[in-house]
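Fold and geometry: a report
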Amino acid sequence: MPGKPSGSANRYAIAIHGGAGAVPRAMLSEQREQRYRAGLEAALDGGFALLERGGSSLDAVSAAVRILEDDPSFNAGHGAALTRDGAVELDAAIMDGRQLRAGAVASVRHVRNPIELARRVMEKSRHVLLVGAGAEEFALEENFALVPNRYFRTVERQEQLECEQRGQRVSDLVPSSQGTVGAVALDGDGNLAAATSTGGMTNKRPGRVGDSPIIGAGTYAKNGVCAVSATGHGEYFIRAVAAHHVCAAVEYRALSLQQAVHETLHEILAALGGDGGLIAVGTDGQIVMDFSTEGMFRGARDSGGRREIAIY
Amino acid sequence: MVLVPRGYFRTEARVRELDEARQTEALQLKAAAPAATGTVGAVALDRAGHLAAATSTGGLTNKHRGRVGDSPIVGAGTYADDASCAVSGTGQGEFFIRQVVAYDVCALLQYRHLTLAQAVREVIHEKLRASGGEGGVIAVDRSGNIAMDFNSVGMFRGARDSRGRRDIAMYRDAR
């Protein structure tokens, strides 16, 4: 790394993902690739703009994830994957590295931006995780406008579900089980935050919850250590407590962030048989984005001038 | 699976508790009131050297509908790894989730090479207490050491092993 700028204490950075397991390059049309890239850029720059103006990492990850939730190309919010019975059930989590505060929701069907409800759970309830109808009751208490489940469903996801149920592979779409979105950020005050949102696996059993809303599995942030957001085969990430494992490896064993992410994906998860990807940002603003799948939709931007979007 | 009506889980005492809780708004703030806890769990090491953990709960009395605590969260209220230990937690679930308590005990054992008792002590009496969380864990390691520790007034617990240990305790004095 080149010499640190003198104001390195005020370094800030954000990384985002739009899911691991990108379709094989040859099958991704140029038009669709442009759509993914445009969506990633909007989220990356939206989150970064807040950091630039002195906003918090918490605001930056919320904003980035919200943009990805609203974009039908990604498997979160509008355009999320469908359950076995053709509905959308959404999960999301957010964590503030300052005091290990966290909020999460699972299996919600009527909240336009689940990441905002997760944040409200963190800030306004005495709980961390609310699920299903109870989470939506809380949303009503907090004056969230609920939307019909139809709002989330797209023709493409319907086709994907039908193909999956017929046992066919779908070309030119994010693989069915993936496409989760997430963001991690470090702000100028040194605070870390992480956020993740997903529709889960296509054709999932109603009520299935993956790693995204599980604090420690798909989402974790601890000031002075790192912030992590995961995407991939959620069941394995839960069992490996993947996001927290990265933090524990950095904190307890003094591994570099890169080593910690690498070990979690390519040793621990690989040994269990689970694949996916992780994005992480360290307390020094270093960004790591790694995956064991063919690709991962991702982007990184920091105050040192780095700005990149990548898929493979 | 045979389903049972909701009434099956209700007892007079719990219904009375709920009524009381509803009447006393203040109780909402005391998530760790004795009435609100009482999660159950078990950890074990078998002859083949495999570790396992299990936890079950009805959650907090007067909880918000849909609230999920640490018990069903792998890593928070329940964790087992043959390479380190098996842990089951009870207490203020929100704090256990945020600290990933059960997994953290295993990580301290495996990566910091603390003893089971030290790892449990650090998590319960230092980290959890510092964050304001109350509760306890039971844990067993690969060698069959059992640790049962808590920062609350008491924890209903029992331990038994192949060397003849067998004890039941509720408060701190009864080891």
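Going by the structure above, here's the rest.
Quick caveat: nothing in here was measured; it's all calculated off a predicted structure.

**Regarding the overall build of chain A**
Each helix and strand in chain A was counted, giving eight helices and twelve strands. A compact globule built from 312 residues should have a C-alpha radius of gyration of about 20 Å, and chain A, at 18 Å, falls within 12% of that. Seen through its principal axes, chain A has C-alpha atoms that stretch 55 × 50 × 35 Å. Here chain A holds 312 residues, and the buried ones make up 61% of them. Across chain A, the centroid of the 32 positively charged side chains sits 1 Å from that of the 37 negatively charged ones.

**Brief notes about the sheet that holds strand β4 (residues 78-80) of chain B**
All names here are of chain B. Spatial strand order, β4-β5-β6-β7: four strands in an open sheet with antiparallel pairing. Of all strands in the sheet, those bounded by a partner on one side alone are β4 and β7 (146-150). On average, each strand axis in the sheet is inclined to that of its neighbour by 10°, with strand direction left out of account. Looking at chain direction, β4 and strand β5 (residues 85-91) are connected through three bridges and run antiparallel. By the bridge assignment for β5, Tyr-79 is matched with Val-87. Against the sheet, helix α3 (residues 101-111) contacts β4, β5 and β6 (135-141), and its axis sits at roughly 145° relative to β5.

**Describing the environment of Arg14(B)**
Residue and element names in this part refer to chain B. Along the chain, the position of Arg-14 falls in helix α1 (residues 12-23). Classification of Arg-14 as partly exposed rests on a relative accessible area of 40%. When the C-alpha atoms of Arg-14 and Thr-61 are compared, they prove to be 7.9 Å apart, with 47 residues separating the residues in sequence.

Each value, and the rule that gives it
- Residues numbered from 1 in each chain as written.
- Chains lettered and ligands numbered in written order.
- Predicted model: local features only at pLDDT ≥ 70, side-chain atom pairs only at ≥ 80, totals over all residues.
- Heavy atoms only, no water.
- Helix = DSSP H or I, 4+ residues; strand = E, 2+ residues; numbered from the N terminus.
- Rg over C-alpha atoms; globule rule 2.2 N^0.38 Å.
- Buried < 20%, exposed > 50% of the residue type's maximum accessible area, 1.4 Å probe, protein only.
- Lys, Arg positive; Asp, Glu negative; His and termini not counted.
- Charge placed at Lys NZ, Arg CZ, Asp CG, Glu CD.
- Pairing = 2+ DSSP bridges.
- Axes fitted to C-alpha atoms, helices over the stretch in contact; angles between N-to-C directions.
- Contact = heavy atoms within 4.5 Å.

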